[in-house]
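Spelled out, the chains give:
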Amino acid sequence: GADAPARSARPDAGPAPAKEVTSLSNPLVKDLRGLHSKKERAETGLFLAEGLKLVADAIEQNWPIRTLVHAVKVREQPMVRRIADAARACGALVVEVSDDVLVKISRRDNPQMVVAAFEQRLLSLDDIDPSGTTVWVALEGIKDPGNLGTILRTVDSVGATGAILIGDTTDPFALEAVRATMGSIFHVPLAAGTMAEFAAWKAKHRVPVVGTHLKGAVDYRSIAYPEPVVLLMGNEQSGLPDAYVELCDHVVKIPMAGRADSLNLAIATAVMLYEIRRPRLGL
Ligand code: SAM
């Protein structure tokens, strides 16, 4: 683009060499490693994602990238070169690092060869017009990052539209949540709001809400689900509070035939989503 650095100044006219970082005490390493902390993610508005395919996918969709880090040893791989060029063209810093720096940034013994810092994108409910969409999954007070990531991946898989976080929830941009999405964090619109904002949004758009509860009066297979629709899920510990149940147009239950008390939240969400979308999913 117009802002790209002038390359013709160098005689070989090749791409600018990447910055190389091998010192564990480099401030850049500290900044990236800091993104494991919720506080630093909140302050910077950034988050980490790992893996060549996932990062390439995010860049391809023009998700704003700030820093791309890759192992020195994969520098010649065509896909790494491609994403490095694309990241530079978006104004991101591209850094080649030693393996021990990658271990430090990712806090993993066997890190992926590519890690990147991206800008967070969290919508407010005012940004969401449900008309013409399919299913929104609303998650009340979800606590487990693995569950949240798994649910976003399932929303993506089933062709639902997006997810809404209500109240005090786990951070969707925590690395554990991002890992569990397997890239769907870049495909699934995500909004957050309070219970009052959710209630007002539902009233404004008149979108039906189907809640799930172990004490639901109706079998989840007995409803013809409209679209758009909101599927409202309770949190891992205590199920949907009464105030939320009152917001629902239907409260459904998935039968429990064995001795377990309940299904895992992400599993219950998947069962519901595939049932809601069943008539619209061809083989
Ligand atoms: N101890 C909690 C309770 O009493 O509700 C269990 C919560 S469960 C682990 C997490 C969420 O998954 C629930 O709030 C509900 O939304 C959903 N869920 C799990 N099993 C369900 C079932 N059999 N029927 C309907 N919803 C279910």
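Right above here is the structure, for reference.
Calculation criteria
Residues numbered from 1 in each chain as written. Predicted model: local features only at pLDDT ≥ 70, side-chain atom pairs only at ≥ 80, totals over all residues. Near = placed C-beta within 6 Å. Nonpolar A, V, L, I, M, F, W, Y, C, P; charged D, E, K, R; others polar. Core = buried A, V, L, I, M, F, W, Y, C linked by C-beta atoms within 7 Å. Buried ≥ 20, exposed ≤ 12 C-beta atoms within 10 Å, placed from the backbone. Helix = DSSP H or I, 4+ residues; strand = E, 2+ residues; numbered from the N terminus. Domains from an automatic or database assignment. Contact = placed C-beta atoms within 7 Å. Pairing = 2+ DSSP bridges. Axes fitted to C-alpha atoms, helices over the stretch in contact; angles between N-to-C directions.

> Which parts of the structure should I look at to understand the site of the ligand?
By nearness alone, 17 residues border the ligand, and Thr212, Gly234, Gly239, Leu263 and Ala268 come closest of all. Class assignment for the residues of the shell around the ligand results in eight nonpolar, seven polar and two charged.

> Would you mind showing me how to read the nonpolar core here?
One broad trend across soluble globular proteins is that nonpolar side chains are buried collectively. Leu68, Ala116, Val137, Ala138, Ala163 and Leu231 are the most contacted members of the largest nonpolar core, which totals 77 residues. The element that contributes the greatest number of residues to this core is helix H10 (residues 265-277), accounting for six residues. Structurally, this core is a two-domain feature, drawing no fewer than three residues from each of domain 1 (19-119) and domain 2 (123-280). In this structure, Ala138 is in contact with Ile164, Ile166, Phe198, Val230, Leu231 and Leu232, ignoring residues within four places of it in sequence.

> It is not clear to me how the sheet that holds strand E1 (residues 19-21) should be interpreted in this structure. Could you clarify?
Strands pair in a sheet through their backbones, by hydrogen bonds, and they do so in one of two ways: parallel or antiparallel. Read across the open sheet, the five strands follow the order E1-E4-E3-E5-E2; overall the sheet is mixed. The strands lining the two open edges of the sheet, one partner per strand, are E1 and strand E2 (46-50). With direction set aside, neighbouring strand axes in the sheet form an average angle of 25°. One ladder, built from five bridges, connects E2 with strand E5 (residues 114-119); its direction is antiparallel. Following the sheet pairing, Leu48 is matched in E5 by Ala117. Across the sheet, helix H4 (residues 78-89) is in contact with strand E3 (65-71), strand E4 (93-97) and E5; its angle to E3 comes to roughly 155°.

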